[in-house]
Each structure stands twice: as C-alpha cells, then as structure tokens.
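Now for the letters of each chain:
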Amino acid sequence: MGGNNVHEHMELLKALQDLDHELNGIRQERRSLEQEQVELTGAMVRIQTMIDGLDEEIGTLQSQNDELEQGFAQEEANISRSEGRLPEIKTQKEYLAVLKEVDTAKKVAKDLQTALEEKQAQIDALIVEKDEKLKQLDELKERSAAREAEISAALKEFDKTLEKKASQRSKHFDPLPKQMQKRYALLMERRGGIAVVEAREGNCTGCNMHLPPQLFNSLFLDPQIQSCPHCNRLLFVLKAED
Ligand SMILES: [Zn+2]
C-alpha cells in the first residue's frame, strides 16, 4: 500500500465520517418528527376517550332519569286516582285513609321531583363538559391537520436527502479495503460515533491522550493508517499541503 493510497483512504474516511454525522443528524430529526406525529394522534385519542367516557356517563344518568320520570308519572297517576275516589267515599275512616294515601304519594312525588332535578343538573353539567371537549378536539384536529401536512412534507424531504446522502456514503465507503470498513464501523459503534480523529501537538483529539512521539511523527510520513493506542481511533494529521 503506497503513501498515496493511505492519503486517499484517510480522505475517504474523513468524508465518510462527516457524511455519517450528517446522516445521523437527519435520522434524528426525522425520528423526532415521527414522534411528534405519534403525540398529535395520542392527544386526539385521549380527548376522544374522554368524550366517549362522558357519553357513557350521560347515557347512564339519562336512563336513571327516565326511571325517575316513570316513577314520578306513576305517583301522579296514584294521586289523581285517589283524589278521584274522595267524592264517592262514605265513611270518615275511609276518607282519612285515602287522604293519607294522597299525602304519602305527594311526598314521594316531591322527592322524585327533587331527585329528577338533581339528575338533570348532573346531566347538564356533563353535557357542558362534553361540549368543551368536542370543541378542544375540533381545534386540535384543525391544528394537527396543518402540522400533519408540514410533517409529512418534511419527512418526504428527509427521505430524499437520506437517499442522496446514502449513495454519497457508498461512494466513500465501498472503495475502502474490507478490513478498514470493518474497523471504521466498529469504532463508530464503540467510540460514540467518532472513528477518525486528528492528532495534534502530539495528542489524540479523540481521547486527549498523549501519543508516543514516534507514532505521532510517523503520521506525517503516511506509511500506513495508524490507531491511537489508547482509544483505537484512526488518526490523521493536518499537513501544510492540506
Ligand atoms: Zn485516542
């Protein structure tokens, strides 16, 4: 492997790393947009769930209300039936008994009416709450639709860029010797996405450790691609000609 090749390989590795950083940045932005999509949908689902819950509660109260109304109608019928009998009654004893019946039925009817009013107030409050939630949902749907459109346009754009960058990446990655491709991939994975670093003033800028002087000096001669003995990252030096 001649010096020229080493130089070319190092240039490819540096450009490859820059591309990989760009690609990672784009993928991360893309993921956060997808996350935002999930959250928008989640927020709508949460409100819809609350609305469904309110509907169910209103339904239950409404059927309780219907029962109370039936009971109330029943009592009213009892009252008018008993009162209708009063003129035909012959004995004082029977008269008093019927009056007592009427009185009791009126009390029951009054209690039912109070219960009905309370039930209706509960229903009304829930309907107000439900209307508010429906309004919130409409607003959220409207905002989401606009944002949704922005996001899907951005995602498409990201995909195009990713495709373009991925093919640029291949142009830098594919010409490298297999062994170097493996080393690079492994270092990217194990060294926090930084595989290629500059050696400057006798130090590795990846781990900031001092390099053996002989190693540092050899970097200027291009005999082969060298690794930092501390962090294993691939080293390059900036020369006057760069
Ligand atoms: Zn190092």
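Residues numbered from 1 in each chain as written. Predicted model: local features only at pLDDT ≥ 70, side-chain atom pairs only at ≥ 80, totals over all residues. Heavy atoms only, no water.

Engineer: I'd like a rundown of the coordination of the zinc ion, residues and numbers included.
Structural biologist: Donor atoms from the polypeptide that coordinate the zinc ion comprise C204 (SG), C207 (SG), C228 (SG) and C231 (SG), at 2.3 Å from the metal. In this structure, the zinc ion is surrounded by 4 donor atoms whose angles at the metal cover 106 to 114°, and the resulting shape is tetrahedral. Here the donor residues for the zinc ion map to a single chain with the spacing C-x2-C-x20-C-x2-C. Of the two residues, C207 sits in the loop between strand 2 (203-204) and helix 4 (213-218) while C231 sits in the loop between strand 3 (226-227) and strand 4 (234-236), which places them 24 residues apart along the sequence. Given the relative accessible area of 5%, C231 is considered buried. (Donors = N, O, S within 2.8 Å, 3.2 Å for Na, K, Ca; no water. Tetrahedral: all angles 85-135°; square planar, octahedral: opposite > 155°, others 65-115°. Helix = DSSP H or I, 4+ residues; strand = E, 2+ residues; numbered from the N terminus. Buried < 20%, exposed > 50% of the residue type's maximum accessible area, 1.4 Å probe, protein only.)

Engineer: Account for the pattern of salt bridges, with residues named and values stated.
Structural biologist: Under the defined criterion, the tally for this structure stands at 14 salt bridges. In this structure, R30 and E34 form a salt bridge, with 2.8 Å as the shortest nitrogen-oxygen distance. Of the two residues, R30 and E34 are both situated in helix 1 (residues 3-85); the distance of 4 residues between them amounts to about one turn of the helix. Residue R85 pairs with E101 through a salt bridge whose shortest N-O separation is 3.8 Å. Of the two residues, R85 is situated in helix 1 and E101 in helix 2 (residues 92-173); the sequence distance between them amounts to 16 residues. What makes E101 partly exposed here is its relative accessible area of 40%. Bridged by salt links that share partners, the residues R30, E34 and D159 form one connected network. (Salt bridge = Lys/Arg side-chain N within 4 Å of Asp/Glu carboxyl O.)

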